[in-house]
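Architecture and fold: a report
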Amino acid sequence: MIRSDILDVADVALGDGQKYASIFLLFQKRCEYEPSAITKSGFLSNLSKCFIHCTRKGIYMLNKQKQAPLYEAVRTFIERDPISFHVPGHKHGQVFSQQAKAELQSMLKWDLTELNGLDDLHAPEGAIAAAQQLAADWFQSKQSYFLINGSTVGNLAMILAACQAGDQVFVQRNCHKSILHGMELAGVQPIFLPPAYDFEKQRYTAPSTNMMKQALNDYPEIKAMILTYPDYFGDIFPLKVLIETAHANDITVLIDEAHGCHFSLPFVPVPSAGELGADIVVQSAHKMTPSLTMSAFLHVYTDRVPMKKVSYYLQMLQSSSPSYPLMVSLDLARCYLANYTSTQYQTALDYIAAVRSNLEAAPYWDIETNDDPFKLTLRIKEHLRSSDVQALFEEEYIYFELSTDRHLLFIFGLEPTFPLDGLQKKLERIKHRLKGLKHAKIEVSHLFFQDRIAPLALSYHHMQALDVKWCTWEEAAGQIAAEAIIPYPPGIPLIAKGERIEAATIKKIKQLFQLNIGFQPSHRQEGIYIFDMPEGE
C-alpha cells in the first residue's frame, strides 16, 4: 500500500488535494519509487523534479483527461434530434418491440453507425481517434485501441500480429481459451509452461522464473511468450523478471491482462504489465471498470510488433459495424479512471473491509488475501460442497463471479454498490442455514495439469487433416483431444485441443461435473471428441 504520509505531503506541497496527489502518486508508481524510500524531506528535496514531470505533463494530462470526446460527439448528435434514413433498423429506438420499448428507447438513441461527425473505428480521424489518444495518454502506451469484441479479439489480434506460422511460442498452460484459439489461427507451435501450484490456496498460479529459464534452455528458438496477469483471482507474480528475461533473449511478451484495467490507478498497489515492460497488453475494460460488457482495450507499448499489423488484424477480426454504446463506454471508463480520487479509493477499501468483516468468523470458509484489493475469495472448507454454499447465496440473490470446486470469488466495484445492513442480514440467514447443511467429505483432485514443459501432441496443421470420433471418458486416457474441455467461467481449458489426455485430468473433470460446474462445450458428461489417428501414429 502507498503510505498515508506520502498522500499528506503531496496534498501540502502541490495543493488542490486529491487531483495533485493523484498526479504525484501516478508519477511515483510509474517511476518505480519504493514507498519506503520516499520521506517527507526526500519528497520535498526532489520537488523540482516532481514538478517537471507532474506540473508540465501531469496537470496538462489530467485536464485533458476530463474530456470524453466520443461521448460528447454522440451526445451532441442525439441532441440535434436527427432523422434516420440509415441503419440500424430501430431508427433511434422508434421502431422496437413494444414489450421493451419504454425501458430501452433512451439507450437505443446511442446505438448509431458511422455517420459524419461520429468517426470510424477502423479508420479513426475524429472523435474516436481523440478518445483512443486519451486512452493511450492515460495508460502510457504508444497506441491504445478500442475493442468491441471483448479482450478475446485483442488476444487473437496480438498473437496474429506478433507471430508467424510455425513459430515456437511459450504460453502459460492455465491461459484463457481465446489464447489457444489465437495460437491455432496463427498456426504457431505452443510450448506450454506448467503453472506452479499453491497448496495453501489450493489452486494453480503462474509459471516460475526457474521454469522459464529451463524452458529457454530447452527451446532456444522461441519467438514470443504469452502470459496471464493477474490471474482470475487477482493475484500477481514476478512478471518484471520474466519480461526482462524474455527481452534479453529477443522474445516478444504478450499479456492477457483481462482483469487488470484498474491497475492504471495510482492508488492501486499493483503495477500494470505495461508499466513492467510488456510489449502488448489486452485489458477487459468491462471486468473491473465501469464499461459495458464486451468492451476492452489493446495497448501497444513497444515497437517489437508493427502497429500496422495490429491495426490490420483488428480491422479483420472486429465487426465492420462497431457498437457505439460500447465505444462510448470505453471513452467514459477511461475518463472515470483518470478522475478517480484518493477519497473514492479509500471509501471503496473501507466498504470492502466491512463486507470482509461480515464474512469472517464463519466455520464454513477461509477468506483469502488477494493482491488485487477489489477481489475477495472464499475458500470453502473441505466438508462442504462449494456448489451447495453458492446455492444458498443465490437464494438470497447474491451472485459470484466464479465458483470452482473449492472457491467462491467476489469482485467489487470501484465504489460501494449496495447497503451493508441488507447484506449483513442476508449473510446471517445464509450462515444459519449452513448450520443445518448435511456435511460430507468431498474428494477433490488438486493436481491435474502436466508438471512438465511440453508442446502439443500434434501441430495445428496436422490436426486439420485428421478425422475425429467420439470417445467415452473411460477410454479417453492417452488419446489426443480434438476439442477443448473448458469449465466456464473462468474459461481456462482443462484439456486443450491437440493435447494428449491425462487420467488425472479426466478424474478432475468428472468431479467438477458432480459439483455442477458449467462446461463448454455442453453435453460432455460422458465423453469427448478425439482425433482418429491412423494406425502406427
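Look a little higher up for the structure.
Presented here is an overview of the structure given in this document.

Reading guide: rules and limits
- Residues numbered from 1 in each chain as written.
- Predicted model: local features only at pLDDT ≥ 70, side-chain atom pairs only at ≥ 80, totals over all residues.
- Heavy atoms only, no water.
- 1 Å grid on protein atoms, 1.4 Å probe; cavity = no way out; pocket = protein on both sides within 12 Å on 5 of 7 lines; lining within 4 Å.
- Points joined across faces, edges and corners; volume = space filled by probe spheres on them.
- Nonpolar A, V, L, I, M, F, W, Y, C, P; charged D, E, K, R; others polar.
- Pairing = 2+ DSSP bridges.
- Helix = DSSP H or I, 4+ residues; strand = E, 2+ residues; numbered from the N terminus.
- Contact = heavy atoms within 4.5 Å.
- Axes fitted to C-alpha atoms, helices over the stretch in contact; angles between N-to-C directions.
- Phe/Tyr/Trp six-rings, centres within 6.5 Å; stacked < 30°, edge-to-face > 60°.
- Buried < 20%, exposed > 50% of the residue type's maximum accessible area, 1.4 Å probe, protein only.
- Salt bridge = Lys/Arg side-chain N within 4 Å of Asp/Glu carboxyl O.
- Parallel < 35°, antiparallel > 145°, perpendicular 65-115°, else oblique.
- Core = buried A, V, L, I, M, F, W, Y, C linked by side-chain atoms within 4.5 Å.

Overview of empty space enclosed by the protein
The gaps left among the atoms become clear once a water-sized probe is rolled over them. If you walk through the whole model with that rule in mind, you get three cavities of 30 Å³ or more. The calculated volume of the largest cavity comes to roughly 60 Å³. R173, F448, F449, Q450, L494, I495, E499, R500, I501, E502 and T505 together form the lining of the largest cavity. Counted by class, the lining of the largest cavity contains five nonpolar, two polar and four charged residues.

What to know about the sheet that holds strand β12 (residues 402-403)
What the four strands build is an open sheet, ordered β10-β11-β13-β12; its pairing is antiparallel. Lying at the two open borders of the sheet, with one neighbouring strand each, are β10 (365-368) and β12. Taken together, the two bridges between β12 and strand β13 (residues 407-411) define a ladder with antiparallel strand orientation. In the sheet register, S403 faces β13, and the bridge partner there is L408. Sitting on the sheet, helix α16 (residues 386-395) touches β10, β11 (375-380), β12 and β13, and the angle it makes with β13 is about 40°.

Considering the packing of aromatic side chains
Applying the stated criterion across every chain, the model contains 22 aromatic pairs. Seen from their ring centres, Y229 and F237 are 5.7 Å apart, and the 85° between their planes marks the pair as edge-to-face. Summarising the aromatic geometry, the rings of F267 and Y340 are spaced 6.3 Å apart at their centres and angled 50° between planes, so their arrangement reads as tilted. With a gap of 73 residues between them, F267 in the loop between β7 (252-256) and β8 (280-283) and Y340 in the loop between α14 (324-338) and α15 (342-359) connect regions that are remote in the sequence. For the pair shown, F267 and Y340 are each scored as buried. Pairwise contacts between aromatic rings join Y364, W365, F393, F400, F410 and F412 into one cluster.

Digging into the pattern of salt bridges
Applying the stated criterion to the full structure yields 23 salt bridges. When the shortest N-O distance is used, the salt bridge between E79 and R75 registers 3.9 Å. Here R75 and E79 lie together in helix α5 (residues 69-79), a separation of four residues that amounts to about one turn. The exposure class of R75 is partly exposed, given its relative accessible area of 33%. D250 serves as the salt-bridge partner of R304, at 3.2 Å between the closest nitrogen and oxygen. Of this pair, R304 sits in the loop between β9 (296-300) and α13 (307-317) while D250 sits in the loop between α11 (239-248) and β7; the two residues are 54 residues apart in sequence, bridging distant segments of the chain. Residue classification places D250 among the exposed residues on the basis of a relative accessible area of 57%.

Quick notes on the layout of surface pockets
Quantified by volume, the largest pocket comes out at close to 960 Å³. In terms of lining residues, the largest pocket is bounded by 50 residues, among which Y232, L402, P489, P490 and I492 are the most central. Mapped by element, the contributors of at least two residues to the lining of the largest pocket are α8 (150-162), α9 (177-186), β5 (203-204), α12 (285-288), β12 and α19 (503-514). Top element by residues in the lining of the largest pocket is α8. It accounts for four residues. Here the residues of the lining of the largest pocket sort into 20 nonpolar, 21 polar and nine charged.

Brief notes about unusual backbone geometry
The amide bond that connects V87 to the next residue, P88, takes the cis arrangement and shows omega of 5°. For P88, the position within the fold is in the loop between α5 and α6 (98-108). Along the chain, Y229 connects to P230 via a cis peptide bond; the corresponding omega equals -5°. By the secondary structure assignment, P230 is in the loop between β6 (224-228) and α11. Positive phi is not limited to glycine here, since K91 has a value of about 55°. Mapped onto the elements of the fold, K91 is located in the loop between α5 and α6. Residue classification places K91 among the partly exposed residues on the basis of a relative accessible area of 25%. Even without being glycine, Q140 reaches a positive phi, approximately 60°. By the secondary structure assignment, Q140 is in the loop between α7 (127-139) and β1 (143-147). The class of Q140 is partly exposed, set by a relative accessible area of 33%.

Considering α9
In an α-helix there are 3.6 residues to a turn, and that puts residues three or four apart on one side. Residues of α9 that are buried include every one of S178, I179, L180, G182, M183 and A186, and no others. Structurally, α9 contributes buried residues whose contacts are with α8, β2 (168-172), β3 (189-193), β6, β7 and α18 (460-464). Phi for G187, located one or two positions after α9, is positive at around 70°.

Overview of the packing of α5 against α7
Packed helix pairs are specified by the crossing angle of their axes together with the interaxial distance, meaning the distance between the axes. The interhelical angle for the contact between α5 and α7, taken along N-to-C directions, is 150°, at an axis separation of 7 Å. Considering their axes alone, α5 and α7 lie roughly antiparallel with respect to each other. Here P69, L70 and A73 of α5 come into contact with α7, specifically with A127, I128, A130, A131 and L134. Counted by class, the contact of α5 with α7 contains eight nonpolar, no polar and no charged residues.

With respect to the sheet that holds β6
In space, the eight strands of this open sheet follow the order β1-β9-β8-β7-β6-β2-β3-β14, with mixed pairing throughout. Strand pairing shows two members of the sheet lacking a second neighbour, β1 and β14 (454-455), which therefore form its edges. Two strands pair when backbone bridges link them, and β3 and β14 are joined in this way by two bridges, in the antiparallel orientation. Bridged to I191 within β14 is P455.

A few points about the nonpolar core
Judged by nonpolar contacts, the single largest core of 90 residues is most densely connected at L70, L359, W365, F374, L378 and F393. What L359 contacts, discounting residues up to four positions off in sequence, is W365, I367, L376, L378, F393, F410, L427 and K431. L160, C163, V310 and A496 belong to the second-largest nonpolar core, a separate cluster that totals 40 residues.

Some remarks on the environment of V241
The topology assignment puts V241 in helix α11. Its relative accessible area of 37% is what places V241 among the partly exposed residues. Between the alpha carbons of V241 and G277 there is a distance of 9.9 Å; along the sequence they are 36 residues apart.

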